[in-house]
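Residue strings, one per chain:
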Amino acid sequence: MSNFYSGQNGRLLIDGTTAAKVTSWSFSSSMSPLATTSLEDTDQTFINGIRSMTGSARLYYYDDGSTNSASTLIRKLIKTRSGSDPGKAAQSENTTLKLQVVEGTTVKDVEMEVLLTSASMNMAVGEVLSAEVAFQVNGAPKGLSL
Amino acid sequence: MTYPTTTPTSRSFSYGNYPVKTSQMMDGFETRILLGSKRTGVEMQLQYNNIADDLAKNFLDHFESQKGTYLTFDLPAGATTGMSSSLAGAIPGVSDTQWRWAEPPAVTSVYPGVSSVSVKLVAVLV
């Protein structure tokens, strides 16, 4: 029988710790082919070129007395100034994300080291506060079992 | 060593000109003196994009074998691939002509094992 997956099978791990209140994650992998078309060719030809991966995740921002996963990610990107110089602050941190599809004890995932490229929070009437973070994968994934 | 037979990705050439000495006279008239009977200064620029490093090295080896811009050589038919024979015959279109490197080949690495090479040749009377 075929197994299909939905949001209830999704899980996100941040540096090995399961993130809470994740509403979505996504990733996209692409490759830029290198054209090898030469004079007198009638159709374009290509060879494999550079690959890249990007992705995003959306998490609810909540308070359970300690930190929350949305805050964890936001703090990896945003750093406060360390002294009187407004132009100087710590660098953003790379982090390891695992985007998982879980069914019982079966876990399929993609593990990657990422650089957070954006984080945005939206507060609006009638909506739960959430954070949207986007990331750029550094190099090839560490693991892939999807 | 002969010039590599790799088919170029793109090609452009300058048709050259006859050696003409032009002088502006004090009365405003222009005087031109034809100094030769053959067109000179024909240049060809060839671009080889995304080729294997081994093929790219062939251009370096050829440049080396020609002592850089010193020696002359015949241009292979591959350099005019894609042109009609009449247009190809117009390059350089001058008898007793060979080619030499106008400048060293420029190699750009674009991917592991893959490079692009820019070549500039000039036709010379021999």
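Up top you'll find the structure we're talking about.
Thresholds, definitions, all that
- Just so you know, the residues in each chain are numbered from 1, in the order the chain's sequence is written.
- Chain A is the first chain written and ligand 1 is the first ligand written, with later ones labelled in order.
- This being a predicted model, a pLDDT of at least 70 is required before a residue's local features are given, and a value of 80 or more before pairs of side-chain atoms are given or counted; all residues contribute to the totals for chains, interfaces and linings.
- The side-chain values count all of the structure's non-hydrogen atoms but skip hydrogen atoms and water molecules.
- Strands are runs of DSSP state E lasting at least two residues, helices are runs of H or I lasting at least four, and both sets are numbered from the N terminus onward.
- Burial classes: relative accessible area under 20% of the type maximum marks a residue as buried, over 50% as exposed, and values in between as partly exposed (1.4 Å probe, protein chains only).
- Any two residues having at least one pair of non-hydrogen atoms within 4.5 Å are treated as being in contact.
- Where accessible areas are quoted, they stem from the Shrake-Rupley method and a 1.4 Å probe; at the residue level, only the protein chains shown are allowed to cover.
- Charge convention: Lys and Arg are scored as positive, Asp and Glu as negative, and His as well as the terminal groups of each chain are ignored.
- Taken as the charge centre is NZ of Lys, CZ of Arg, CG of Asp or CD of Glu, depending on the residue.
- Only strands joined by at least two bridges in the DSSP assignment are considered to pair.
- Any residue with an atom within 4 Å of a point lines the site, the site being either a cavity, points on a 1 Å grid over the protein atoms alone where a 1.4 Å probe fits but cannot get out, or a pocket, an open set with protein on both sides within 12 Å along at least 5 of 7 lines.
- Grid points are joined across faces, edges and corners, and a volume is the space filled by probe spheres set on the points.
- Charged residues are taken to be Asp, Glu, Lys and Arg, nonpolar residues to be Ala, Val, Leu, Ile, Met, Phe, Trp, Tyr, Cys and Pro, and polar residues to be all remaining types, Gly included.

**Quick look at the overall build of chain B**
Item 1. Each helix and strand in chain B was counted, giving two helices and seven strands.
Item 2. When the helices and strands of chain B are listed from N to C terminus, the series reads β-β-β-β-α-α-β-β-β.
Item 3. Along the first, second and third principal axes, the C-alpha atoms of chain B reach 65 × 30 × 25 Å.
Item 4. By the burial criterion, 33% of the 126 residues in chain B qualify as buried.
Item 5. Restricting the contact set of chain B to residue pairs at least 6 apart, pairs at least 24 apart contribute 73%.
Item 6. Here chain B displays about 7200 Å² of accessible surface, and carbon together with sulfur accounts for 52% of that area.
Item 7. Taken together, the 9 basic and 10 acidic charged side chains of chain B have centroids lying 6 Å from each other.

**Quick notes on unusual backbone geometry**
Item 1. At E40 of chain A, a position not held by glycine, the phi torsion is positive, near 85 degrees.
Item 2. Looking at E40 of chain A, the relative accessible area reads 59%, which means it is exposed.

**Here's the deal with the pairing of strand β1 (residues 10-14) of chain A**
On a regular strand, each side chain points to the face opposite its neighbour's, so the side chains alternate between the two faces of the sheet.
All names here are of chain A.
Item 1. Note: β1 against strand β5 (residues 94-103), five bridges, orientation antiparallel. Along β5, the bridge assignment pairs L13 with K98.
Item 2. Hairpin geometry of β1 and strand β2 (residues 17-18) is characterised by an intervening segment of two residues between the two adjacent antiparallel strands and by a positive phi of about 50 degrees at D15.

**Topic: the layout of surface pockets**
Residue and element names in this part refer to chain A.
Item 1. A volume near 230 Å³ is recorded for the largest pocket.
Item 2. Considering the residues around the largest pocket, the lining is formed by 14 residues, among which R51, S52, G139, A140 and P141 are closest to the centre.
Item 3. Broken down by secondary-structure element, the contributors of at least two residues to the lining of the largest pocket are β3 (22-35) and β4 (46-60).
Item 4. Top element by residues in the lining of the largest pocket is β4. It accounts for five residues.
Item 5. Classifying every residue of the lining of the largest pocket gives nine nonpolar, four polar and one charged.
Item 6. Taken together, Y5, S6, G7, N9, G10, R11, V22, T23, S24, W25, Q100 and V101 make up the lining of the second largest pocket.
Item 7. Those elements that place two or more of their residues in the lining of the second largest pocket are β1, β3 and β5.
Item 8. Take the lining of the second largest pocket: its biggest share by element is four residues, from β3.
Item 9. For the lining of the second largest pocket, the residue count by class is four nonpolar, seven polar and one charged.

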